[in-house]
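An overview of the molecular structure
One letter stands for each residue in the lines below.
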Amino acid sequence: MSTNGQQDSTPTSAAKMSRRKLIASIGLTGMALAAGGNVTQALGDPPQGLPGGTNNGVSGKGGTMRKRNGNRFLTAIVTADTIDDLRDLAGVSDGDTVMITSGGRAGLFRWDSGDRSADCANDPLMGMYVPLNGNNGSGGAFIRILDSEITPQMFGASGDGTGDDSGAINAFFAAINTFGLRSGKCVGHFRVGAPLAAQLGAYKGLTMDATFTSSFADEGYMLSITNSYRLNMVGKLALIGNGSTIATRTNGKGLLLDGVFQGSITKIDVRQFQHNGIEIRNNTGFSSFLRIGEVLTYLCGSAKVTGSNGISANWSNRIDAGGSSLPNQRSTITVDTLPPILDITDYVSINGNPYAVTNVDRSAMTLSVYPWIDIGLNAGTLDYFVGSGIFIRGGDSSGVSFGTLNTTACGIGANIWALYPGEVQYFSNESCGIGYILGRAPDFATVGGGIGTQYCENCAVNFLKASVYGQGSFRIDSTVDQAQGSKHRALSPRDSMGAFSERYLLMSGLRMGAAYGYETEAMQSASAPAGFSTLLLRLGGGGYPVHSIRKDSATIRLQDVSGLRTGFGHNQMFLYASGTSATGAPAGTLTFQPQDSGYTVNGSGAAAFSNLAGPTMFHCYLSGTAWVVQQAGGLVFKAVQAVTSVSVAAGDSHTVDVSVSGAAMGDFTQSSYSVHIETLLMSSAVSAPGTVRLSFYNPSSSAVTLPAGTAHIRISR
């Protein structure tokens with residue numbers, strides 16, 4: 001032992017004693033006097049309010065001792081190697097200061113003779129409060145003088161990836177809240193043999209450059225951070241479970257953030273868990289965001305996609321319940337394999353289609369899924385999409401803002417059950433079963449939120465709208481995935497014929513900015529049946545939506561969502577329609593109808609458009625409860641009429657009336673004939689609403705035969 005850097009000057013006999021015995025025999029005051037005289041170095045006061053501070057009821061400055069008679073003089077700082085040495089001290093007085101010199105527990109401690117039994121009970125690893133041997137702190141304790149943030153090493157953690165640091169880390173987290181500290185610092189590679197828990201309280205800060213590697217087996221969370229309002233975590237937090245394959249992993253879930261709101265986290269890296277990598281819930285408080293700069297999740301859960309080793313099962317004994325085209329429908333099946341941590345947040349893939357798991361019965365080896373399975377299937381194989389890179393749940397467990405979200409080789413990249421899904425600036429997803437799930441199947445929708453840029457590669461489904469209800473203005477600004485819209489899906493119940501219900505197939509309430517340059521709010525599911533014929537277009541806020549369809553005949557239902565629209569003043573949208581005709585026009589009829597009771601379209605219950613000349617842009621807007629639908633750039637129809645051969649006398653005309661729906665008096669007409677008509681002059685005009693009259697005039701002095709042919713008519717206004 002030394003004092004303030006001077007060598008021990010104990011007699012030879014004392015030198016043969018152990019340091020702990022020496023300290024116990026002559027006491028702290030004796031060690032200070034043995035150092036020989038006073039020292040001129042004195043430590044300044046520690047920060048106010050911290051343990052060991054001058055306003056904590058402990059007399060004296062660091063490095064300054066007060067004698068019991070109140071006379072003040074400078075003495076040496078006594079040093080001790082370990083906490084055990086510190087506990088062996090005798091003859092201590094209020095304000096006496098000792099420096100621990102070795103290891104991560106090094107630091108200054110000041111003696112307080114008051115009853116510190118409660119503090120010592122709350123600090124069993126003696127990172128902050130150290131009682132003497134044989135005492136529980138009721139007779140006093142040494143209190144650590146903090147001149148910086150506390151660390152897990154102060155509680156005995158090695159931080160070098162060896163041993164088990166879980167107890168020290170949990171004590172570190174507990175001390176921040178229990179002793180009212182503002183912040184802590186956690187730096188190192190920590191191997192942990194038990195789950196970690198941090199209930200930090202409000203307005204706390206953590207400086208992190210920490211990797212926690214598991215050496216235990218547990219289906220719960222590796223680290224739970226709870227009730228930590230306005231947490232500010234700076235730096236990187238990494239959690240690594242054990243087991244590189246789903247069959248060898250023994251840690252259930254990675255990080256839980258529960259009740260962490262109005263906070264900020266710089267970076268999280270989570271790898272190798274059976275189920276969810278990061279789970280955020282109960283993020284409710286003062287309507288504010290949790291901001292996370294960067295998230296990386298890898299091998300969280302399992303999905304059998306190209307190049308991955310997921311979990312499959314054989315299934316049979318299908319039993320259907322619920323109604324046709326209704327969200328209450330379920331198919332219950334028997335399986336020969338159930339993943340150990342499968343629950344109702346997960347999905348399966350059957351015959352290339354995703355299904356939400358709604359119930360798991362392990363004793364009966366059955367699971368229920370939504371919607372009904374393909375009508376022609378009664379047995380087969382399925383692939384599990386188990387666990388998520390990040391899972392967010394709850395009515396208000398939301399408002400999470402991500403800078404970068406990168407999910408790789410997870411069952412589901414991001415599974416959003418929250419009412420308010422928040423924002424992701426850049427979302428990258430590779431080799432997951434489903435990249436991003438919006439809403440809880442079948443009937444829990446979301447409001448707001450969006451993705452700036454989405455990149456997906458080697459995923460079974462890139463984006464899935466899970467709820468039958470329209471989403472409240474979710475957007476994807478740009479997509480750079482390899483398969484664009486074909487892997488953007490909407491989960492829909494099936495009808496009695498096994499087709500997906502047309503009512504729910506479109507991405508109602510979503511905007512997706514595609515790489516080819518326009519936005520669409522109503523995207524048809526890639527799995528829509530061939531007979532798909534009804535679209536629901538919702539008029540909402542956030543610009544002038546452009547919808548696109550390619551159908552020869554369809555019914556378009558127009559819906560006014562006033563709650564989303566009036567705040568922005570947007571009351572119009574556009575529909576670009578094409579079809580399979582030679583000119584690219586819809587070959588049949590497009591009928592516009594109001595979705596809401598009491599509304600009209602062009603003054604009546606419906607407006608029909610047929611005989612279109614080519615791909616057509618429709619302009620749809622509202623005036624009160626009256627929808628107006630017009631062809632953008634002028635109304636254009638076309639008609640085709642077969643004409644029989646006839647002789648036209650000199651100076652006479654032959655007329656043919658052609659029925660053209662929508663033609664009105666005053667419309668412009670153009671006409672042509674499929675064969676040469678000699679000297680005859682052909683003309684056309686609207687002779688009555690819905691009727692175009694063709695006229696073949698013979699100006700010559702002799703009769704001319706009009707050959708049989710086909711008349712083509714174009715009407716515009």
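What follows deals with the overall build of the protein. Within the protein, the regular secondary structure consists of six helices and 51 strands. Considering the protein as a whole, with its 717 residues, one finds that 52% of them fall into the buried category. When contacts within the protein are restricted to residue pairs at least 6 apart in sequence, long-range pairs at least 24 apart make up 67% of them. When the accessible surface of the protein is summed, it comes to about 28,200 Å², and 50% of that surface belongs to carbon and sulfur atoms.

This prediction gives the protein a mean pLDDT of 81; 77% of its residues lie at or above 70. Note that pLDDT drops below 50 for residues 1-27; the model gives that stretch 42 contacts with residues more than four away or on any other chain.

Now for the pairing of strand β28 (residues 434-438). Taken residue by residue, a regular strand's side chains alternate between the two faces of the sheet. Burial analysis of β28 places five of its five residues in the buried class, the great majority of the element. Bridge count for strand β26 (residues 412-418) against β28 is four bridges, and the pairing is parallel. Residue pairing across strands places Ile412 opposite Ile434, the latter belonging to β28. Bridge analysis of β28 against strand β30 (residues 461-465) gives four bridges, and the strand direction is parallel. Paired with Ile437 across the two strands is Leu464, which belongs to β30.

According to the stated counting rule, one finds twelve salt bridges in the structure shown. Across the pair Glu279 and Lys253 runs a salt bridge whose closest N-O atoms are separated by 3.5 Å. Of this pair, Glu279 sits in strand β15 (residues 278-281) while Lys253 sits in strand β13 (residues 251-258), and the two are 26 residues apart along the sequence. Each member of the pair, Glu279 as well as Lys253, is classed as buried. Ionic pairing is found between Asp657 and Arg693, a salt bridge with its closest N-O pair at 2.7 Å. Taken together, the positions of Asp657 in strand β46 (residues 653-659) and Arg693 in strand β49 (residues 691-697) put the pair 36 residues apart, joining distant regions of the chain. By sharing partners, the salt bridges in this structure join Lys253, Asp258, Glu279 and Arg281 into a single network.

Before going further, it helps to examine the nonpolar core. With 69 residues, the main nonpolar core has Ile150, Phe212, Ile280 and Ile292 as its most contacted residues. With seven residues, helix α5 (residues 166-178) is the single largest residue contributor to this core. Phe212 has contacts with Ile169, Cys186, Phe190, Leu196, Met222, Leu223, Leu237, Ala238, Leu239 and Ile240, leaving out every residue within four places of it along the chain. Of all hydrophobic cores here, the second largest spans 20 residues; its members include Tyr599, Val601, Leu612 and Leu622.

A separate point is the sheet that holds β26. Spatially, the nine strands line up as an open sheet ordered β9-β11-β13-β15-β24-β26-β28-β30-β32, and their pairing is parallel. With one partner strand each, in any of the chains shown, β9 (196-199) and β32 (488-490) form the two edges of the open sheet. Taken over all neighbouring pairs, the strand axes of this sheet differ in orientation by 15° on average, direction set aside. As judged from the six bridges shared by strand β24 (residues 388-394) and β26, these two strands associate in the parallel manner. Looking at β26, one finds that Gly394 is bridged to Ala418.

In this section: the packing of aromatic side chains. Here the structure, examined in full by the defined rule, presents 15 aromatic pairs. Ring centres of Phe190 and Phe212 lie 5.6 Å apart, and the angle between their planes is 55°; this geometry places the pair in the tilted category. On the criterion of sequence distance, the pair formed by Phe190 in strand β8 (residues 183-192) and Phe212 in strand β10 (residues 205-214) is long-range, its members being 22 residues apart. Here Phe212 falls in the buried class, since its relative accessible area comes to 0%. Taken together, the ring pairs connect Phe427, Tyr436, Phe463 and Phe474 into an aromatic cluster.

By the secondary structure assignment, Thr178 is in helix α5. A relative accessible area of 40% means that Thr178 is categorised as partly exposed.

Turning next to the pairing of strand β21 (residues 353-361). Alignment of strand β20 (residues 347-350) against β21, held across four bridges, turns out to be antiparallel. Within β21, the residue paired with Ile350 across the bridge is Asn353. Hairpin remark: β21 followed by strand β22 (residues 366-370), antiparallel, with four residues in the connecting loop; positive phi at Met365, about 55°.

Per the stated rule, a full pass over the model turns up zero disulfides. Free of any disulfide, Cys459 has its nearest cysteine sulfur in Cys456, 5.0 Å distant.

Following the sequence through the fold, Asn242 ends up in the loop between β12 (232-240) and β13. Between the alpha carbons of Asn242 and Gln272 there is a distance of 6.3 Å; along the sequence they are 30 residues apart. Contact partners of Asn242, with chain neighbours within four places excluded, come to Ser214, Ser215, Phe216, Thr248, Arg249, Thr250, Asn251 and Gln272. A distance of 2.4 Å separates the side chain of Asn242 from the side chain of Thr250, its partner in a polar contact.

As for its position among the elements, Ser331 is in strand β19 (residues 330-335). At a separation of 3.1 Å, a polar atom in the side chain of Ser331 contacts the main-chain amide nitrogen of Ile373.

Between its terminal C-alpha atoms α5 stretches 18 Å, which fits the 18 Å expected from 13 residues at 1.5 Å a residue. Residues Ser166, Ala168, Ile169, Ala171, Phe172, Phe173, Ala175 and Ile176 constitute the buried set of α5. As for α5, its buried residues are in contact with β8, β9, β10 and β11 (218-226). Note on α5: the residue one or two positions beyond its end, Gly180, has a positive phi of about 70°.

Rules of the game
Residues numbered from 1 in each chain as written. Predicted model: local features only at pLDDT ≥ 70, side-chain atom pairs only at ≥ 80, totals over all residues. Heavy atoms only, no water. Helix = DSSP H or I, 4+ residues; strand = E, 2+ residues; numbered from the N terminus. Buried < 20%, exposed > 50% of the residue type's maximum accessible area, 1.4 Å probe, protein only. Contact = heavy atoms within 4.5 Å. Areas by Shrake-Rupley, 256 points an atom, 1.4 Å probe, with all protein chains shown as cover. pLDDT = per-residue confidence, 0-100. Pairing = 2+ DSSP bridges. Salt bridge = Lys/Arg side-chain N within 4 Å of Asp/Glu carboxyl O. Core = buried A, V, L, I, M, F, W, Y, C linked by side-chain atoms within 4.5 Å. Axes fitted to C-alpha atoms, helices over the stretch in contact; angles between N-to-C directions. Phe/Tyr/Trp six-rings, centres within 6.5 Å; stacked < 30°, edge-to-face > 60°. Disulfide = S-S within 2.5 Å. Polar contact = N/O pair within 3.5 Å; in protein donor to acceptor, adjacent residues only side chain to side chain. Expected span 1.5 Å × (residues − 1).

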